[in-house]
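# Structural characterization, general
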Amino acid sequence: MWSATGAVRRLGKPKPRDAIAGLVTGLFSIPEGMAYASIGGFNPVAGIYAGIMPGIIGSLFARTVLMVTTLTSAIALTSRSVLKEAGLDPADPANVAALAVVVGAVMLLFGLLRFGSIMNFVSNAVMTGFSTGIAVQIITGVLGDATGYKPQSGNTIGKIIDSLAHIGLWHPASVAVALGTVAVWAVFHLVKPLESFATLLALVVVTAVVAVGHIDVETVGDIASIANALPPVTVPNFAAMPELIVGGVAVALVALAQAAGISAAVPNPDGSRTNMNGDFLAQGAANVAGGLFGALPAGGSLSRTGVATSAGAQTRWAGIFAGIWLAMLVLIAGSAAEIIPMPVIGGLILVIGGELVVGRWPDIKLVLRVAPLSAVAMLVTFAATTQLPLHTAILIGVITSLVLYCTKASQSAQLVALEPTGDGGWRTAPVPEKCPSNEVTVLDYLGIGLFAEIPRIDEEWPDVAGSDNAVVVLGLRSLPDVPSSVTIKALKRWAGELQANNGRLIIAGATPATAKILRRGDLDDVLGEDGIVDATDRVFGATDTAVARGREWIAGRGDLPQRDSN
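Basis of the calculations
Residues numbered from 1 in each chain as written. Predicted model: local features only at pLDDT ≥ 70, side-chain atom pairs only at ≥ 80, totals over all residues. Heavy atoms only, no water. UniProt positions renumbered as here; feature names shortened; annotations may be inferred. Helix = DSSP H or I, 4+ residues; strand = E, 2+ residues; numbered from the N terminus. Rg over C-alpha atoms; globule rule 2.2 N^0.38 Å. Buried < 20%, exposed > 50% of the residue type's maximum accessible area, 1.4 Å probe, protein only. Contact = heavy atoms within 4.5 Å. Areas by Shrake-Rupley, 256 points an atom, 1.4 Å probe, with all protein chains shown as cover. Lys, Arg positive; Asp, Glu negative; His and termini not counted. Charge placed at Lys NZ, Arg CZ, Asp CG, Glu CD. Pairing = 2+ DSSP bridges. Axes fitted to C-alpha atoms, helices over the stretch in contact; angles between N-to-C directions. Core = buried A, V, L, I, M, F, W, Y, C linked by side-chain atoms within 4.5 Å. Parallel < 35°, antiparallel > 145°, perpendicular 65-115°, else oblique. Left-handed = near helix turned anticlockwise from the far one by under 90°. Nonpolar A, V, L, I, M, F, W, Y, C, P; charged D, E, K, R; others polar. pLDDT = per-residue confidence, 0-100. Phe/Tyr/Trp six-rings, centres within 6.5 Å; stacked < 30°, edge-to-face > 60°.

For the protein chain, an unreviewed UniProt entry supplies the name Sulfate transporter and the organism Mycolicibacterium mageritense. Per UniProt, the comment on the protein chain under Subcellular location (unreviewed entry) is "Membrane".

We now examine the overall build of the protein chain. What the protein chain contains, in helices and strands, is 24 helices and 8 strands. The C-alpha atoms of the protein chain give a radius of gyration of 31 Å, which is well past the 24 Å a tight globule of 566 residues would have. The principal-axis extent of the C-alpha atoms belonging to the protein chain is close to 105 × 50 × 45 Å. Here the protein chain, with 566 residues, has 53% of them falling under the buried criterion. Considering only contacts in the protein chain between residues 6 or more positions apart, those separated by 24 or more positions represent 82%. Surface accessibility of the protein chain: about 24300 Å² in total, with carbon and sulfur atoms responsible for 64%. Of the charged side chains in the protein chain, 35 are positive and 41 negative; the average position of the first set lies 6 Å away from that of the second.

Here the focus is the sheet that holds strand β7 (residues 504-510). Sheet architecture is open: 6 strands sit in the order β4-β3-β5-β6-β7-β8, paired in mixed fashion. Where the open sheet ends on each side, the last strands, each with one partner, are β4 (426-429) and β8 (532-534). The sheet shows a mean angle of 30 degrees between the axes of neighbouring strands, taken without regard to direction. Note that strand β6 (residues 471-475) and β7 share 5 bridges and pair parallel. Each residue of the ladder has a partner; that of V472, found in β7, is L505. Each of β6 and β7 touches helix α21 (residues 485-500); the most contacted strand, β7, lies at about 140 degrees to it.

Right, let's get into the nonpolar core. Membership of the largest hydrophobic core comes to 108 residues, with the highest contact counts inside it found for F28, I30, L71 and L244. In terms of residue count, helix α13 (residues 241-265) provides more of this core than any other element does, 11 residues in total. For F28, the residues in contact, after removing those within four places along its chain, are G33, T199, R304, V307, I345, L348, I349 and I352. Y445, I457, L476 and A490 belong to the second-largest nonpolar core, a separate cluster that totals 29 residues.

The subject of this paragraph is the packing of helix α17 (residues 342-370) against helix α18 (residues 372-387). The contact between α17 and α18 brings their axes to 6 Å, and the two run at 135 degrees. Taken together, the axis directions place α17 and α18 in an arrangement best described as oblique. Of the two possible hands of crossing, α17 and α18 adopt the one that is left-handed. Each of I364, V367, L368 and V370 in α17 lies in contact with α18, whose residues at this interface are P372, S374, A375 and M378. Tallied by class, residues from the contact of α17 with α18 come to 7 nonpolar, 1 polar and no charged.

Turning to the environment of V330, a few remarks are in order. Looking at the secondary structure, you find V330 in helix α16 (residues 317-333). Exposure remark for V330: the relative accessible area of 2% places this residue in the buried category. As for V330 and R551, which are separated by 221 residues in sequence, their C-alpha atoms are 83 Å apart. With near-sequence residues (within four places) excluded, V330 lies in contact with I48, A227, N228 and A229.

To continue, consider the confidence of the model for the protein chain. Confidence in the prediction of the protein chain, expressed as mean pLDDT, is 86, and 92% of residues score 70 or more. For the protein chain, helix α1 (residues 4-11) is the element with the lowest average pLDDT, namely 56, and strand β1 (residues 69-70) is the one with the highest, namely 96. Segment residues 560-566 is flagged for pLDDT under 50; beyond a separation of four residues in sequence, or across chains, it makes 10 contacts in the model.

For the structure shown, the criterion picks out 3 aromatic pairs. Relative to F115, the ring of F110 has its centre 5.2 Å away and its plane inclined at 40 degrees; by these criteria the two rings are tilted. The class for F110 is buried, based on a relative accessible area of 12%.

Our next topic: unusual backbone geometry. With phi around 50 degrees, H214 is a residue other than glycine that occupies positive phi space. In this fold, H214 is placed in the loop between α11 (198-213) and α12 (220-223).

Below, the structure written as structure tokens:
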């Protein structure tokens, strides 16, 4: 259960590497936050503020330990669309605050309703495709900073094609600075004692070289000026909140889906399990608090999380330090950050995005090698993530997961016969073509959704025509779901066919919930009052009881006139 006291207990002691990782992440949050806010048409400084209060609150409570909560490009673009559709000015801090609070409330509601469990049904293949697509989005999002040419395409792959097609328009100085940043990072990364500091050192060294050499490239100051001040308290536009509810759900889904990608790509260093409901609640609290302090809506950022992990983050303190460092940097030397060259940020984000893609490569190879159907789902999700709006890609990913789940379930489900072993046990056998007269035929359903398998079971069900006093015991011990009306109709039909041939059907191993629904569906009228045997704590205990009941029923009919089978 998520709680503030539980989160505080999980904090533990901060480590030196967390402080360094937080500093690096805080520095990155200045130019990257401003860039993402600018993409969405917002005040660039609001992008910085999204890394302070939301970053601290999100890291304090998140169950994905290293996840950094802040603004992302997808959230910025979705937020702009929502405000425009509502007819609200995105430059008005009160409107931004209203949206952030609504998004936070939606996230909190999703967490309290435990909607995070839905993510358990999203397959690993789909999550691999989604997180890889997000990583590629991160790379393409900084192509303009790294090359000096801003791609005009609206989708991820289009940006890559557009950039390559206009290579002649690349700014040589920007490309040189970006490549130099990658090279400096690689040198420091190869030195073991400096490996964890490679990102910070590359940022500082190349920024100093550009400043001293007066190299003409775009800097943070070209986006907007930064005041040496903490985020102001902002009163939301409460009157606009009802109009933002539907849009707030869309922004929340985009943010939560990105966070789910982080959970899959960046496991907890301490081996603890992540919890999507806890992450939903953490991000919800982060947005409510952030909205009151001038921040844009925020969520789990794969790029900023990548920065933190690349810089050596080991605990949730890295994200907390990132927010604290960012606040101090803005308060003390916010204007000094204006000299950071955008190609430096572009070069380092290219490295981080590449590391994220490489980190998913083992999963990609595994899916391609062992699961052809899952590979299709992975590729479909990847294509959707890179080609379509993110909220559409999320919907496609969920639908793909459900289709994949149902397909695999239908392939694994089967109907088998059970035969006694002589020592009180049972062994599986092929389903007989006909039900023998005056005998008990034991069948067992192995699957997870009987209603979806009825046509297949109809094909395998033994022929009862011409039999007499035949009993079929159908085991439903592996059926986890409550039966649907379609299931009950099928059971009535199978029981009716047996009854028409002087036989009967007995259900064995039904859970209490399943048995209750079966009886409510008037199945007792066809099966008889003793036609449903509830599950027991002994494996096949209900089957043994049902078989004994069936044999007693056959013996009791021995004195009755037999139907002429001719």
